[in-house]
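# Structure assessment
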Amino acid sequence: QPIMQKTPGKTRILVAPLDWGLGHATRCIPIIRELLRQGCDVWLAGEGAQENLLKQEFPQLPFLQLDGYRIRYSRSAIGLLLSIFRQTHKILTAIKKENAWLKKMIAEYGFDGVISDNRFGLYHASVPCVFITHQLAIKSPLGKWSEKILQKRNYWFINRFAACWVPDLEGKINLAAELSHPLKKPVVPVKYIGPLSRFNSFSPPAAGNGSKKGHLLIILSGPEPQRSILEDKIVKEAGHYNGTATILRGKPGLSSLIPSSNMIHFYNHLPADELNKEMLQAEYVISRSGYSSVMDLVALQKKSILIPTPGQTEQEYLSKYLLEKQIAFCISQKEFCLDDALAKARQFAYHSPEINSGNILQQVISNFIADLAKE
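Structural notes, computed from the coordinates. Here the structure is a predicted model, which means the values were calculated and not measured. Here the residue numbers are simple positions, counted from 1 along each chain's written sequence. Since the coordinates come from a predicted model, pLDDT governs what is reported: local features require at least 70, and pairs of side-chain atoms require 80 or more to be given and counted, while whole-chain, interface and lining totals use all residues. In computing side-chain values, all of the structure's heavy atoms are included and hydrogens and water are not.

Another point: the sheet that holds strand β10 (residues 264-267). Two strands are counted as paired when DSSP detects at least two bridges linking them. Numbered from the N terminus, helices here are DSSP runs of H or I no shorter than four residues, and strands are runs of E no shorter than two. If you trace the 6 strands from one edge of the open sheet to the other, you get β10-β9-β8-β11-β12-β13, paired in parallel fashion. Each having just a single partner strand, β10 and β13 (329-330) make up the two edges of the open sheet. Bridge analysis of strand β11 (residues 284-287) against strand β12 (residues 304-306) gives 3 bridges, and the strand direction is parallel. Opposite Val 285, over in β12, you have Ser 304 as the bridge partner.

Val 15, Ile 31, Ile 32, Leu 35, Leu 44, Ile 115 and Trp 165 are the most contacted members of the largest nonpolar core, which totals 59 residues. Take this core: its biggest share by element is 6 residues, from helix α12 (residues 358-374). Here, residues are in contact when the closest pair of their heavy atoms is within 4.5 Å. Setting aside chain neighbours within four positions, we find Leu 44 in contact with Leu 14, Val 15, Ile 32, Leu 54, Phe 58, Leu 61, Pro 62, Phe 63 and Leu 64. Nine residue types can take part in a nonpolar core, namely buried Ala, Val, Leu, Ile, Met, Phe, Trp, Tyr and Cys, and a core is a set of them joined through side-chain atoms within 4.5 Å. When accessible area is computed with a 1.4 Å probe and restricted to protein chains, residues below 20% of their type maximum are described as buried, those above 50% as exposed, and intermediate ones as partly exposed. Membership of the second largest hydrophobic core comes to 33 residues, among which are Leu 64, Tyr 109, Phe 157 and Val 166.

Looking now at helix α6 (residues 144-158). In an α-helix, one turn spans 3.6 residues; hence positions three or four apart end up facing the same way. Between the first and last residue of a helix there are one fewer steps than residues, each counted as 1.5 Å, and that sum is the expected span. Between the first and last C-alpha of α6 there are 20 Å, a value that for 15 residues agrees with the 21 Å anticipated at 1.5 Å per step. Residues of α6 that are buried include every one of Ser 146, Glu 147, Gln 151, Asn 154, Tyr 155, Phe 157 and Ile 158, and no others. On an axial view of α6, the arc spanned by its buried residues comes to 165°, and they lie on one face. Counted as exposed and oriented over 90 degrees from the buried face of α6: Trp 145, Lys 148, Ile 149 and Lys 152. Residues of α6 that are buried in the fold lie against α5 (88-109), β5 (129-132) and β6 (163-166). Taken from the helix axis, the directions to the C-beta atoms give the arc we talk about.

Mapped onto the fold, Ser 287 is located in strand β11. Using a relative accessible area of 3% as the deciding quantity, one classes Ser 287 as buried.

Bringing the sheet that holds strand β3 (residues 63-65) into the picture now. If you trace the 7 strands from one edge of the open sheet to the other, you get β3-β2-β1-β4-β5-β6-β7, paired in parallel fashion. Every other strand in the sheet has two partners, leaving β3 and β7 (190-192) as the edge strands with one partner each. Across the sheet, the mean angle from the axis of one strand to that of its neighbour is 25°, orientation sign disregarded. Here helix α2 (residues 28-37) sits on the sheet and contacts β1 (12-17), β2 (41-46), β4 (113-117) and β5; the angle it forms with β1, its principal contact strand, is near 175°. Fitted lines through C-alpha atoms serve as axes, helices being fitted only where they are in contact, and the angles separating the N-to-C directions of these axes extend from 0 to 180 degrees. The strands touched by helix α3 (residues 48-57) are β1, β2 and β3; relative to β3, the strand with the most contacts, the crossing angle is about 170°.

To continue, consider the pairing of β5. Residue alternation in β5 divides its side chains into two sets, Cys 129 and Phe 131 and Val 130 and Ile 132, and both sets are buried. Strand direction decides the pairing type here: β4 and β5, joined by 4 bridges, are parallel. Looking at β5, one finds that Asp 117 is bridged to Ile 132. Relative to β6, β5 runs parallel, the two being bridged by 3 bridges. Looking at the pairing, Ile 132 lines up with Trp 165 of β6. This β-α-β element, β5 to α6 to β6, shows right-handed connectivity. The handedness rule is simple: strands pointing away from the viewer, and a clockwise path from the first strand over the helix to the second, make the crossover right-handed.

Positionally, His 269 belongs in the loop between β10 and α8 (272-281). Among the polar contacts listed, one links the side chain of His 269 to the side chain of Gln 56, at a separation of 3.2 Å. With residues up to four places along the chain from it excluded, the contact list for His 269 reads Leu 53, Gln 56, Leu 248, Lys 251 and Pro 252. Polar contacts, as used here, are pairs of N or O atoms within 3.5 Å; protein pairs need one atom able to donate a hydrogen and one able to accept it. Residues neighboring in sequence count only if both atoms are side-chain atoms.

A few words now on the environment of Leu 275. If you trace the backbone, Leu 275 turns up in helix α8. With 12 residues separating them in the primary sequence, Leu 275 and Ser 287 have C-alpha atoms 13 Å apart. Excluding anything up to four places from it in sequence, Leu 275 contacts Arg 198, Phe 199, Leu 217, Ile 219, Leu 248 and Leu 270.

Just distances and angles here, no functional claims.
Here it is in structure tokens:
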């Protein structure tokens, strides 16, 4: 098959994001774009919603089937912890399987390097593999002792990779605070590659000419059943909202749709450039406080109302931090009521840091490619 033939002088790189919400896939978009810009032969891997999203963005790239971890969430916060604990065996089995899968794929397709966004099994003895995460410290509702155990486990996996890339800034001004800047770091080289947004290539509009007053963009995302619980709540309340709204359901690949009205437009999913336009038009963006969403919002300097996924300690920690730094107005799902949240957001003094991390990623990738050439 001609696809197997490697082009001399072209580095073949596999990029594979975790199937935990869409954020891991969306933040790989700028990485994939940069690899292509630097002349790499890029291959992608995954399944389900991540596959749909990446195929929409990069229809020309070869795609390999790789099972996800398929983690199920619970309806309550403490239930989430228990359900993840119950699924530990399933997760470890998935990690083992994906490691065996990678060995096979490297033998078959001759990848020179691998970039894994939070997939713990994609390491290899002789091919340099990079692990991407913004969570070097993992927050737990059970307190510090359990966080120490989780970090040890996390690093045990990360240290099997050639390097760890953190999508944040290294200094005092950053977006993930303790999550990405723990006191103790992994043993492998840790590189801060700057916040990653698939919208970096679009410049934010000049003040005042972009957003329509009263227009909301509501982005639903994340694992079930919490995505649907929030959707039901928001759809009900948006019916009484007296402005316009675009509701993005976070379901790429789904064909059935909620009918739109004059005031409210529903989409299952939008490609990056269309979503980019929608974000620029919105006066407020309402979404989960997932880290990828935060990076996109900061890149576009948008005012946002963030609702952490109940029980997802990382999102709960992030929303506390972002509220404190006045980067975003955050509110819990239980307390969320559309009119009330908007009234509070209008009183809120937003203070979004201006982050320009353009060249960091370019440099890190060009060093990575140069190192692969030496291998």
